[in-house]
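A closer look at the structure
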Amino acid sequence: MHQVDLNLLVVFQALMQEGSVTRAGYKLNLSQSAVSAALGRLRKLFDDPLFERTRAGMTPTAKALSLSLSIGPSLSTIASVILEDVEFEPWQSSRTFHLAMSDDIEMLFGPWVARQKVDHNWGVNFAIHQTNSHLWRETLDNPLIDLVLTTTPAHAASDFQSEPLFSGDYRCLYNPRLLSLSDPLTEREYIETRHVRVSYDLQRGWVDDVLAAMGHKRNTLCTISHFSGLGAILLDLPVIATIPEHVALRIAEMLDLRASPVPIQMPRFQISALWRTEVDGLIENHWIRRLCASFVQARSL
């Protein structure tokens, strides 16, 4: 072991997190040539390319992914011992935090976190990736991703940690200039009016199931896969969208639409922050989790 430079493992983990020689250099305050040289030594040490250049950046090999499962927790343990009282300082760091969430959460979190960066003059950056309740597991397995915000998984596992952030229900969103409906909507109006469905896989959802149980078929005009596409449809067409309350209120405010309670029985949902167990002890991971908690607190004020 005395012949092995353990700093190489720090470079390795930075490359896993950043997916770029340049960004890893920024994070470690090293030149690009120094990181490239360290990568060459790592490849020789582990007898594997470790990272391959693709359009998406430096993609880890199967060997690198396997190593990260061991190296990540080991570095976290060492850091927690040596840096027990050290706080992450976003003003002095150029680290990029990679967060993944569905676009309904992004519509609220994105502007908020950008405002925090401006107001506090942080040096850190934020990259928001798309995921959802169907893809969160695959997203979290990507070593580049620091945190996933998604519907709380039904089952826990030892390789990831979770923390509830907020819960909510749904609202009906529509254009009152195109639809003359009661406020709040009646059950009959809801059943008879056309709907626009938002579904990642473009399939039926809980609204279809509840209406079917009531003996009705949802009067669907069209289905889209992202919430960001709703605005243009609702402005131009006399349809109802049934979407999570947090994004319904935001879109209603932005586009002068009406958000009304759902007049049929509906489920509630819970959003949680998820992260890999291997990064649980890192001070920067603690910081980004606290930031998400601050976001939730700000929403409740």
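Residues numbered from 1 in each chain as written. Predicted model: local features only at pLDDT ≥ 70, side-chain atom pairs only at ≥ 80, totals over all residues. Heavy atoms only, no water.

What follows covers the overall build of the protein. A tally of helices and strands in the protein yields eleven helices and twelve strands. Considering only C-alpha atoms, the protein reaches an extent of 75 × 40 × 30 Å along its principal axes. Scored against the burial criterion, the 301 residues of the protein give a buried share of 45%. Look at the contacts in the protein between residues 6 or more apart in sequence, and 74% of them connect residues 24 or more apart. Working note: accessible area of the protein is about 15,800 Å², and carbon and sulfur atoms make up 52% of it. (Helix = DSSP H or I, 4+ residues; strand = E, 2+ residues; numbered from the N terminus. Buried < 20%, exposed > 50% of the residue type's maximum accessible area, 1.4 Å probe, protein only. Contact = heavy atoms within 4.5 Å. Areas by Shrake-Rupley, 256 points an atom, 1.4 Å probe, with all protein chains shown as cover.)

This next bit is on the side chain of Asp-208. Summarising the element assignment, Asp-208 is placed in helix α8 (residues 206-213). Side-chain polar atoms of Asp-208 contact the backbone nitrogen of Gly-205, separated by 2.8 Å. Beyond its immediate sequence surroundings of up to four residues, Asp-208 is in contact with Arg-197, Arg-218 and Thr-220. (Polar contact = N/O pair within 3.5 Å; in protein donor to acceptor, adjacent residues only side chain to side chain.)

The geometry of helix α5 (residues 103-120) relative to helix α10 (residues 245-255) is characterised by a closest axis approach of 8 Å and an angle of 65 degrees between their N-to-C directions. When the axis of α5 is compared with that of α10, the two are roughly perpendicular. Relative to α10, α5 is oriented so that their crossing is left-handed. Residue-level inspection shows Asp-104, Ile-105, Met-107, Leu-108 and Pro-111 of α5 in contact with α10, the latter providing His-246, Val-247, Arg-250, Ile-251 and Met-254. Its residues assigned to classes, the contact of α5 with α10 shows seven nonpolar, one polar and two charged. (Axes fitted to C-alpha atoms, helices over the stretch in contact; angles between N-to-C directions. Parallel < 35°, antiparallel > 145°, perpendicular 65-115°, else oblique. Left-handed = near helix turned anticlockwise from the far one by under 90°. Nonpolar A, V, L, I, M, F, W, Y, C, P; charged D, E, K, R; others polar.)

Now for α10. Listed in full, the buried residues belonging to α10 are His-246, Val-247, Ala-248, Ile-251 and Ala-252. Looking one or two places after α10, you find Asp-256, whose phi comes out positive at around 55 degrees.

Running from N to C, helix α1 (residues 7-18) and helix α2 (residues 21-28) cross one another at 125 degrees; their axes reach a closest spacing of 8 Å. Classified by the angle their axes make, α1 and α2 are oblique. Regarding α1 and α2, the two cross each other, and that crossing is right-handed. On α2, the residues touching Val-10, Val-11, Ala-14, Leu-15, Gln-17 and Glu-18 of α1 are Val-21, Arg-23, Ala-24, Lys-27 and Leu-28. Class assignment of the residues belonging to the contact of α1 with α2 gives a composition of seven nonpolar, one polar and three charged.

Okay, the packing of aromatic side chains next. The tally for this structure, following the rule as stated, stands at 14 aromatic pairs. Between Phe-12 and Phe-51, the aromatic rings sit 5.8 Å apart at their centres with planes inclined by 50 degrees, giving tilted as the arrangement. Linking Phe-12 in helix α1 with Phe-51 in strand β1 (residues 51-54), this pair joins segments that are 39 residues apart in sequence. Judged on exposure class, the residue Phe-12 and its partner Phe-51 are both buried. Taken together, the ring pairs connect Phe-88, Phe-97, Trp-122, Phe-126 and Trp-287 into an aromatic cluster. Here Arg-95 stacks its cationic end above the ring of Phe-97, 4.5 Å away from the centre of that ring. Here Arg-289 stacks its cationic end above the ring of Trp-275, 4.0 Å away from the centre of that ring. (Phe/Tyr/Trp six-rings, centres within 6.5 Å; stacked < 30°, edge-to-face > 60°. Lys NZ or Arg CZ within 6 Å of the ring centre and 35° of its normal.)

On to the sheet that holds strand β10 (residues 241-244), then. Adjacent strands of a sheet form backbone hydrogen bonds with each other and so pair up, either parallel or antiparallel. Sheet architecture is open: three strands sit in the order β10-β7-β11, paired in antiparallel fashion. With one partner strand each, in any of the chains shown, β10 and β11 (258-261) form the two edges of the open sheet. Averaged over neighbouring strand pairs, the angle between their axes works out to 40 degrees when direction is ignored. Each of β7 (170-174), β10 and β11 touches α10; the most contacted strand, β10, lies at about 115 degrees to it. (Pairing = 2+ DSSP bridges.)

Any functional reading would require information beyond the geometric quantities listed.
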